[in-house]
Amino acid sequence: MQFVQVNGVSLHHQIIGGAGNKPVIVFINSLGTDFRIWRDVIVRLAGSYPLLTYDKRGHGLSDVGQAPYSIEDHVDDLIGLLEHLKVSDAVVCGLSVGGLIAQGLYVRRPDLVKALILCDTAHKIGTADMWAARIAAIDESGLDGIVDGVMERWFTPAFRESDSAFPGYRNMMLRQPVEGYTGTCAAIRDADYTAAAGEIAVPTLCVVGDQDGATPPELVLSLAKLIPRARYEVIKDAGHIPCVEQPEMLTTIIEAFLAPVISGEAAHG
Ligand SMILES: O=C(O)CC1=CCC(=O)O1
């Protein structure tokens, strides 16, 4: 396990694999998860690309730091981590709030970004009232009070009813630090990349599970339409976290998107 101090917090991260001169793929996890959600994608890509996963502050084994956060706090941490590891020109793959962080990274430091994979995310996620209600519910009864509703957005009924991994992912959410979780809710509440999306000038893939209950396909399509020449893909039989539910399909889509990026044939602005 690897830890680095960035902006006063210890960030848990992991670097795996790699072959040739391929760019690093950086994975940013969603609200209430740690980097283990990427495992089944990582094992499929590790022979081909260097891969970096990390727990954003307030999640997993990283420090909580001073909550609540802004998306800029999460972006600052990612910039610090990439600078520490001397990673630039990366393929940045963000899930949900991870996708907001990826967009924020591009706004601040386009030099660090070769391509974007925006997975089950949007330019703006939810409303201020919705996030205020979620924070209030957690203040009242903890993560226990909201976990079942969240699971319905994360996973399809089939996965919830019969996949042996489901209880583990439910545990993952329940075991995140409450302050880190609500602190990140506040960051999502205040983030809006609607105006910035039109300025993205690197190859971009927008991908979503067909049964995503948090950032549904029509929302992700509206993000794809804002980004010049973005590619849009829908994954069948997946909720909000396709890297867990349909890792093989997500990996296939990522590889197909990256092939022209790596060969230099991808069209972008
Ligand atoms: O918790 C949810 O509803 C899903 C989600 C929204 C933003 C994020 O990162 O996850």
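- For the protein, the name recorded in an unreviewed UniProt entry is 3-oxoadipate enol-lactonase, with Rhizobium rosettiformans as its organism.

### Remarks on the packing of aromatic side chains
- For the structure shown, the criterion picks out 6 aromatic pairs.
- Here the aromatic rings of phenylalanine 27 and tryptophan 38 are separated by 4.8 Å at their centres, their planes lie at 45°, and the arrangement is tilted. Here tryptophan 38 lies in the loop between strand 3 (25–28) and helix 1 (39–45) and phenylalanine 27 lies in strand 3, a separation of 11 residues in the sequence.
- For phenylalanine 27, a relative accessible area of 0% puts it in the buried group.
- The class of tryptophan 38 is buried, set by a relative accessible area of 0%.
- Ring centres of tryptophan 154 and phenylalanine 155 lie 5.8 Å apart, and the angle between their planes is 90°; on these two criteria the pair is classed as edge-to-face.
- On the basis of relative accessible area, tryptophan 154 is assigned to the buried category, the value being 5%.

### Some thoughts on the site of the ligand
- Taken together, 13 residues surround the ligand, and among them Leu31, Ser96, Val97, Arg134 and Arg153 come closest.
- With respect to the ligand, the side chain of arginine 134 contributes an N or O atom lying 2.8 Å from an oxygen atom.
- Interatomic distance of 3.3 Å between a side-chain N/O atom of histidine 240 and an oxygen atom of the ligand.
- Burial of the ligand by the protein chains amounts to 99% of its free accessible area of 290 Å².
- Counting residues per element, the ones that place at least two in the shell around the ligand are helix 4 (128–141), helix 5 (147–154) and helix 8 (178–190).

Parameters and conventions
Residues numbered from 1 in each chain as written. Predicted model: local features only at pLDDT ≥ 70, side-chain atom pairs only at ≥ 80, totals over all residues. Heavy atoms only, no water. Phe/Tyr/Trp six-rings, centres within 6.5 Å; stacked < 30°, edge-to-face > 60°. Helix = DSSP H or I, 4+ residues; strand = E, 2+ residues; numbered from the N terminus. Buried < 20%, exposed > 50% of the residue type's maximum accessible area, 1.4 Å probe, protein only. Near = heavy atom within 4 Å. Polar contact = N/O pair within 3.5 Å; in protein donor to acceptor, adjacent residues only side chain to side chain. Areas by Shrake-Rupley, 256 points an atom, 1.4 Å probe, with all protein chains shown as cover.

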